[in-house]
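What follows is the residue order along each chain.
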Amino acid sequence: MAMASFVSLRTSLSLLFLLSLPLILLFSSHYIPSDPYPVRTSSHSSVDVSIPTSDPHHSPPSSLSSSPSPSTSLPPPSPFVPSKKCNIYEGRWVRDETNRTPHYAPKSCPYVDEAFACMANGRPDDDFLKWRWEPSGCLLPRFNATDFLVRLRGKKLMLVGDSMNRNQFESLLCVLREALPDKSRLYETRGYRITKGRGYFIFKFKDYDCTVEFIRSHFLVKEGTRTNRLGNSNPTLSIDRIDKSAKRWKKADILVFNTGHWWTHGKTARGKNYYQEGGVLYPTFDAVEAYRRAIRTWGKWIDRNINPSKTTVFYRGYSTAHFRGGDWDSGGSCNGEKSPALSGPIINNYPLKMRIVEEVINQMRFPVVLLNITKLTNYRKDGHPSIYGKIRKNGQKKVSKRKQDCSHWCLPGVPDTWNELIYATLVLQGHNREAA
């Protein structure tokens with residue numbers, strides 16, 4: 001009796017299962033996913049493939065989307081694209097009539113001295129201000145003077161070198177000054193005006209508790225004098241001893257060095273009874289070898305005295321001069337240039353001085369940043385003061401063309417780009433940025 005009841009129950013359950021099977025299959029086809037990693041199509045034409053990050057065997061296809069519709073919101077490009085293949089000093093100057101305006105208006109900055117104030121001195125064109133440096137293979141961050149000052153908060157930025165570094169120093173003061181709502185919050189701490197005669201300036205940005213300073217050092221090694229047999233005083237250069245201002249260098253958080261143009265001057269180029277080493281004065285000495293030894297002296301001093309965990313050091317490369325028909329002291333000229341050079345041997349010119357600098361920096365322990373502006377200045381024959389390095393006197397109708405400045409740069413002008421590259425380097429390096 002019990003056995004008959006069990007068989008009857010089993011038969012009923014089997015029949016029930018067979019009758020319900022179509023419903024089970026219908027249900028499963030709607031609610032059971034066939035792929036554990038589903039492809040989800042958005043409302044736009046792009047396709048998003050969701051792959052668990054924990055699964056090392058899956059990677060999304062290299063291209064999964066067609067051209068987005070005009071309404072598609074895409075992320076903006078990175079303001080700076082760092083790449084081992086990208087050299088921010090290799091590129092081209094691009095004319096930009098629409099977006100390129102100087103960081104500060106001509107005649108607006110009180111820290112541009114007469115020698116660089118080209119438009120205040122009567123230069124009639126502003127074409128030289130309409131060119132933007134564009135590196136090959138990467139984008140520079142948009143220059144932000146406020147952000148630059150935030151990165152300098154509580155710090156000391158010091159430029160050390162010749163009048164080319166003073167040219168850059170004045171540019172830096174002017175571009176950073178534009179970020180200040182109250183311009184009186186920037187001042188020289190001892191009340192000095194910028195002049196050629198003075199070799200040390202300290203400018204304080206009160207709201208950011210930082211300073212931007214300039215120290216004149218034509219050679220980065222020690223200049224001196226000797227008394228000859230006739231009792232006259234003659235200049236000397238000790239290529240194995242660092243400049244006397246070096247004790248101040250140790251106090252900076254960011255250092256920008258340069259030297260180069262004074263090595264082409266008469267006594268320096270001739271090398272007669274001028275260079276000395278170990279206290280010995282050489283009757284004659286090769287100027288190129290003297291330059292090499294002086295740069296080595298500077299490099300050894302940096303290695304021994306500057307802490308790379310506390311200080312960033314830049315060496316700014318040689319800035320190209322553009323004299324036609326002579327040199328700075330022999331009737332050379334550059335007036336009338338209104339656009340960069342686009343061709344010719346000067347474009348690829350790379351002076352021996354720069355090869356020596358690279359050689360020394362590569363042998364140093366300290367990670368010096370070479371601000372290699374040489375090639376980008378090769379193009380800019382249009383950017384020099386030329387005949388506009390002096391203010392016209394009352395009643396003067398013509399500017400003298402006898403002596404022209406084709407070494408320094410008009411401000412605003414090319415040195416503003418050098419400071420953009422310093423800013424780009426600090427951004428790339430993630431230089432300390434506090435909350436504003």
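No experiment lies behind these values; they were computed from the predicted model shown.

Procedures and definitions
The residue count restarts for each chain, going from 1 along the sequence in the order it is written. Where totals are concerned, whole chains, interfaces and linings use all residues; where local detail is concerned, this predicted model gives features only for residues with pLDDT of at least 70, and gives and counts side-chain atom pairs only at 80 or more. Side-chain descriptors were evaluated using all non-hydrogen atoms of the structure, hydrogens and water having been removed beforehand. Under the scheme used here, helices are H or I runs from DSSP no shorter than 4 residues and strands are E runs no shorter than 2 residues, and both carry numbers assigned from the N terminus. Multiplying one less than the number of residues by 1.5 Å gives the expected span of a helix. The buried label goes to any residue with under 20% of its type's maximum accessible area, the exposed label to any with over 50%, and the partly exposed label to all in between, with areas taken from a 1.4 Å probe on protein chains only. Polar contact is the term for a pair of N or O atoms within 3.5 Å; when the atoms are in protein, one must be able to donate a hydrogen and the other to accept it, and sequence-neighboring residues count only if both atoms are side-chain atoms. Salt bridge, as used here: a side-chain nitrogen of Lys or Arg that lies within 4 Å of a carboxyl oxygen of Asp or Glu. When DSSP finds two or more bridges between two strands, those strands count as paired. Throughout, an axis means a line fitted to C-alpha atoms (over the contacting stretch in the case of helices), and angles, computed between N-to-C directions, take values from 0 to 180 degrees.

**Student:** Honestly, helix H3 (residues 163–177) in this entry has me stumped. Any pointers?
**Tutor:** Residues lying three or four places apart along an α-helix face the same way, a consequence of the helix completing one turn every 3.6 residues. The end-to-end C-alpha distance of H3 is 21 Å, a good match for the 21 Å that 15 residues give at a rise of 1.5 Å each. Burial of H3 is extensive: 14 of the 15 residues sit out of reach of the surface. Of the residues that open H3, the one with a side-chain oxygen 2.9 Å from the backbone nitrogen of Met164 is Asp162.

**Student:** Would you take a moment to explain the pattern of salt bridges for this structure?
**Tutor:** Side chains bearing opposite charge may pair, as long as their charged atoms lie close to each other. Considering all chains together, one arrives at 24 salt bridges under this definition. Arg132 is the partner of Asp96 in a salt bridge, and the nearest nitrogen-oxygen pair spans 3.3 Å. In this pair, Asp96 sits in the loop between strand E3 (87–95) and strand E4 (131–136) while Arg132 sits in strand E4, placing the two residues 36 residues apart along the sequence. Salt-bridge contacts for Lys130 lead to Asp126; the nearest nitrogen and oxygen are separated by 3.7 Å. Given a relative accessible area of 33%, Asp126 falls into the partly exposed group. What you see here is one network of salt bridges that share partners, running through Glu277, Glu289, Arg292, Arg293, Arg296 and Glu359.

**Student:** Teacher, can you tell me more about the sheet that holds strand E15 (residues 369–371) here?
**Tutor:** Across a sheet, strands are paired by hydrogen bonds formed along the backbone, either parallel or antiparallel in direction. Within the open sheet, the seven strands sit side by side as E6-E7-E8-E5-E11-E14-E15. Their pairing is mixed. Lying at the two open borders of the sheet, with one neighbouring strand each, are strand E6 (186–188) and E15. Adjacent strand axes in the sheet meet at a mean angle of 20 degrees when their direction is disregarded. Here strand E14 (residues 312–316) runs beside E15; their pairing, made up of three bridges, is parallel.

**Student:** It is not clear to me how the pairing of strand E7 (residues 200–205) should be interpreted in this structure. Could you clarify?
**Tutor:** Put simply, side chains in a regular strand alternate between the two faces of the sheet. Counting buried residues in E7 gives six out of six residues, a clear majority hidden from the surface. Judged from the three bridges that link them, E6 and E7 form a sheet pairing that is antiparallel. Bridging across to E7, Glu188 finds its partner in Phe203. For E7 and strand E8 (residues 210–216), the ladder comprises six bridges, and the chain directions are antiparallel. Within E8, the position partnered with Phe201 by the bridge is Phe214. In this antiparallel pair of consecutive strands, E7 and E8, the connection spans four residues, and Asp209 shows a positive phi of 50 degrees.

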